[in-house]
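Spelled out from the first residue to the last, the chains are:
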Protein chains: 2
Amino acid sequence: MNRTHQFTQIPRRAACCAAVLALAVGAAAVMAADEAHDLRGPLVLKRQGSFFVGGEEIAAAAGDLGQGAAPGHITINQMYVEYMIPKHVRKVPVVMVHGGGLSGKSFETTPDGRMGWNEYFVRRGHPVYNVDQVSRARSGFNPTVFNKVRAGLLPPSALPNITRTSDEAAWQNFRFGPSFGVPWPDEQFPVEHAAEFSQQGIPDLNAILTPPTPPALSSPDSYKVLADLAIKLKGAVLMGHSESSDFPLRAVLTDSTGIKGAIFLETTVPARCLQFTDPEIAKLATVPILFEFNDHLDQQPAGVLASFKNCKALIAKINAAGGNATMLHPAELGIHGNSHMVMLDKNNLQIADLILRWMHDNIGTEEKQDNDE
Amino acid sequence: MNRTHQFTQIPRRAACCAAVLALAVGAAAVMAADEAHDLRGPLVLKRQGSFFVGGEEIAAAAGDLGQGAAPGHITINQMYVEYMIPKHVRKVPVVMVHGGGLSGKSFETTPDGRMGWNEYFVRRGHPVYNVDQVSRARSGFNPTVFNKVRAGLLPPSALPNITRTSDEAAWQNFRFGPSFGVPWPDEQFPVEHAAEFSQQGIPDLNAILTPPTPPALSSPDSYKVLADLAIKLKGAVLMGHSESSDFPLRAVLTDSTGIKGAIFLETTVPARCLQFTDPEIAKLATVPILFEFNDHLDQQPAGVLASFKNCKALIAKINAAGGNATMLHPAELGIHGNSHMVMLDKNNLQIADLILRWMHDNIGTEEKQDNDE
């Protein structure tokens, strides 16, 4: 049997619902049982809560922690993790990592109030750990450079470049449509709730973090934290999106001990799949990896088509090295109109089903586990 | 019957557990049934998720959203709200608002891994809405001033004063003990997990918000958002802590339509209870209000004893105006050693029981509701 997962193409007109799709991709009894589960029934959790992983203590000078503040110590570079564990844990834990200018909110309730992937994966039997990236949202950030500049101790050029995605930039770069306010005819993003999506935007402080080597793509401060989290969970699948799409792969290169699988959800940065050396590819070949790219790849000048092609080339290299890497491109299965923010799209649970299927086929999801956190 | 709730004093040595306390304060059948509920059993939720309230769209100039970024629009001053609704909603929703330099994490799992107030209140039948303050954590913030200073368009003095509580300042100001590393003999904060508490710290950007009138105490941008949230929930109790202790009262003054009760958890700012005019006090007299202050009030130079006295004076004024305001001071009930971070203390559920009791007696918690969000 080919170790590489094949998503079966289904007719376009059959792409209307998860049930049809599940049949089309050859759903096993497990999936059928899952789908019989009433998504509107009570959510029964063994446990829920939150904790932090990682971080380091630093000494702050007088004034670093606010005007007139005494010197003292603070923790920086920790990562906030919220979790839900289903009553009956049958499957591998999944760690979800959001993209640039966003927070863990990406995997929660959608802008139009539908169920997010965090709850859906739990209802499908997976413990879910949803994080805020290091230096973002509930993970906090290091304030010292801002206060030093304010006090005149550092020049304004010492400030990090803080990025925040505008509504206009999101519309085009996240592929809601060809121009601001105009959706693609088959658009799956709930564009009528773009204002609620705008509320999710968070200034991105990753420029404050340790510069990566090779430079400028993402945040090495997150890689070890994610690898450590997978170990703490006694095995987990890491899922990254966009800015964090390659974090799971980088975590594998850092320490693959706890990583049972890696999911790479779409990047618009073509270089992100070109970064890996042959020794790194050999290590990536030790873990099942799913890449996922959505629709309208050729209709936006955002680098996503080049990224798609580069990631396909990376998949070929990983598989040539004996690995198990797969591309999931829903448009090839007749599922059209998905956006960069696929976890929020109207058919977000349909796409989730494809990912769940891949995990089931490639990682083994019927393990008995009690690795609560 | 006196409208003002009286917490019955109990012997010091009986303060060991919630069950004894509940008996001592005269627990009704409702409370006994609640306590029979197994806190370690599955958490059964009707629904959970998150949404935003409030916010406004602003136009950002070129460069305001990052070096080289095009002009565009973003949303600022929105408030992130995460919620859990128990399967059987029997009681009034509670909105929890964290304090300075912190996030909604304050009401989740404690630093030593125990159940947070958000889950506990849900297990007691209350829908819980836990927020990140405007301009904090998952609520994002307005990045434009930082990028303008970085680009030389504004002077460094235009930067907000960003405060972050050091581990040393937290130890003394949050009353973990008399000096850093030394706990009070009866300390209830889990000081052996102070490092995990340090991970919860977030730079406080409230200085970026609209200055309040009268100045400098808190964040008027939050008041209307909280009042609006209570209306959206078709009635809710608002709970504030420390920096946000008076937000519920300020929300009452803004629009009391949806506010069924207000809970003011400890402030160290003496002026916070002195701000209210007679007409404002008359309005505060229309809503049940609970003030809560913890132990070691006279042993730290942090303004908390003066705050306690000033809030007691405010309570007298509210009640003289026909209102229903109560002070809960667990030390007066024989419960000793609670810290400023009472929701994280080792006996956090014991204190929660006292608050639940006050809500039951003063707000009426047996309503049938279906106000999911």
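Given the structure is predicted, the values throughout are model-derived calculations rather than measurements.

Details of the pairing of strand 8 (residues 325-328) of chain B
Residue and element names in this part refer to chain B.
Here is step 1: Burial along strand 8 is two-sided: the residues Ala325 and Met327 and Thr326 and Leu328 are all buried.
Here is step 2: Sheet analysis places strand 7 (residues 289-292) next to strand 8, joined by four bridges and oriented parallel. In the sheet register, Ile289 faces strand 8, and the bridge partner there is Ala325.

Points about the nonpolar core
Here is step 1: A:Trp117, A:Phe121, B:Trp117 and B:Phe121 are the most contacted members of the largest nonpolar core, which has 85 residues in total.
Here is step 2: With eight residues, the single largest contributor to this core is helix 11 (residues 348-362) of chain B.
Here is step 3: Setting aside chain neighbours within four positions, we find A:Phe121 in contact with A:Val94, A:Met96, A:His126, A:Val128, A:Met239, A:Ala352, A:Ile355, A:Leu356 and A:Met359.

Things to note about the interface of chain A and chain B
How big an interface is tends to be stated in terms of the accessible area lost upon association of its parts.
Here is step 1: Contact with chain A, which involves 62 residues of that partner, is made by 62 residues of chain B.
Here is step 2: With both sides pooled, the region where chain A packs onto chain B buries about 5100 Å², and carbon together with sulfur makes up 50% of that total.
Here is step 3: Three residues, A:Arg138, A:Arg164 and A:Gln199, lead the burial of chain A against chain B; their summed loss comes to 15% of the area buried on that side.
Here is step 4: Applying the counting criterion to the chain A and chain B interface returns six salt bridges.
Here is step 5: Taking the shortest distance from any N to any O, the salt bridge between A:Arg138 and B:Glu82 comes out at 3.3 Å.
Here is step 6: Taken together, the connections running from chain A to chain B amount to 40 residue pairs in polar contact (both at pLDDT 80 or more).
Here is step 7: Element by element, the count of residues in the side of chain A that touches chain B is highest for strand 1 (residues 43-60) of chain A, at 11 residues.
Here is step 8: Of the residues that constitute the side of chain A that touches chain B, the class distribution is 25 nonpolar, 25 polar and 12 charged.
Here is step 9: As judged from the three bridges shared by strand 1 of chain A and strand 1 (residues 43-60) of chain B, these two strands associate in the antiparallel manner. Across the sheet, A:Val44 pairs through a bridge with B:Val44, a residue of strand 1 of chain B.

Side note on the state of the cysteines
All names here are of chain A.
Here is step 1: Under the definition given, this model contains two disulfides over all chains.
Here is step 2: Here Cys273 pairs with Cys311 through a disulfide, and the sulfurs are 2.1 Å apart. Taking the sign of the torsion about the S-S bond as the criterion, the disulfide between Cys273 and Cys311, at about 90 degrees, is right-handed. With a gap of 38 residues between them, Cys273 in the loop between strand 6 (259-265) and helix 9 (278-284) and Cys311 in helix 10 (residues 304-320) connect regions that are remote in the sequence.
Here is step 3: The class for Cys273 is buried, based on a relative accessible area of 4%.

Digging into the pairing of strand 5 (residues 236-241) of chain A
Residues and elements named next belong to chain A.
Here is step 1: A large share of strand 5 lies buried, amounting to six of its six residues.
Here is step 2: Both faces of strand 5 are covered, namely the face carrying Ala236, Leu238 and Gly240 and the face carrying Val237, Met239 and His241.
Here is step 3: Sheet topology places strand 3 (residues 94-97) next to strand 5; four bridges connect them, and they run parallel. Of the residues in strand 5, the one forming a bridge with Met96 is Met239.
Here is step 4: Pairing between strand 5 and strand 6: six bridges, direction parallel. Pairing of Val237 across the sheet is with Gly261, part of strand 6.
Here is step 5: Handedness of the crossover is the feature at issue here: the chain leaves strand 5, passes through helix 8 (residues 247-254), returns alongside strand 6, and the resulting connection is right-handed.

Some points on the relation of the copies chain A and chain B
Here is step 1: Once chain A has been moved 0.0 Å along the axis and rotated by 180 degrees, it coincides with chain B to within an RMSD of 0.0 Å. As the rotation angle and translation indicate, the two copies are arranged about a two-fold axis. Among all C-alpha atoms of chain A, that of A:Ala137 lies closest to the rotation axis, at 1.8 Å.
Here is step 2: With an isologous cut-off of 70% or more, the 100% of interface residues of chain A that recur at the interface of chain B puts this contact in the isologous class.

Quick look at helix 8 of chain A
Here is step 1: Most of helix 8 of chain A is tucked away: seven of the eight residues are buried.
Here is step 2: Those residues of helix 8 of chain A lying buried are A:Phe247, A:Pro248, A:Leu249, A:Arg250, A:Ala251, A:Val252 and A:Leu253.

What counts, and at which threshold
Residues numbered from 1 in each chain as written. Chains lettered and ligands numbered in written order. Predicted model: local features only at pLDDT ≥ 70, side-chain atom pairs only at ≥ 80, totals over all residues. Heavy atoms only, no water. Buried < 20%, exposed > 50% of the residue type's maximum accessible area, 1.4 Å probe, protein only. Helix = DSSP H or I, 4+ residues; strand = E, 2+ residues; numbered from the N terminus. Pairing = 2+ DSSP bridges. Core = buried A, V, L, I, M, F, W, Y, C linked by side-chain atoms within 4.5 Å. Contact = heavy atoms within 4.5 Å. Buried area = accessible area lost by both parts, 1.4 Å probe. Salt bridge = Lys/Arg side-chain N within 4 Å of Asp/Glu carboxyl O. Polar contact = N/O pair within 3.5 Å; in protein donor to acceptor, adjacent residues only side chain to side chain. Nonpolar A, V, L, I, M, F, W, Y, C, P; charged D, E, K, R; others polar. Disulfide = S-S within 2.5 Å. Right-handed = clockwise from strand over helix to strand, strands pointing away. Least-squares fit on C-alpha atoms with pLDDT ≥ 70 in both.

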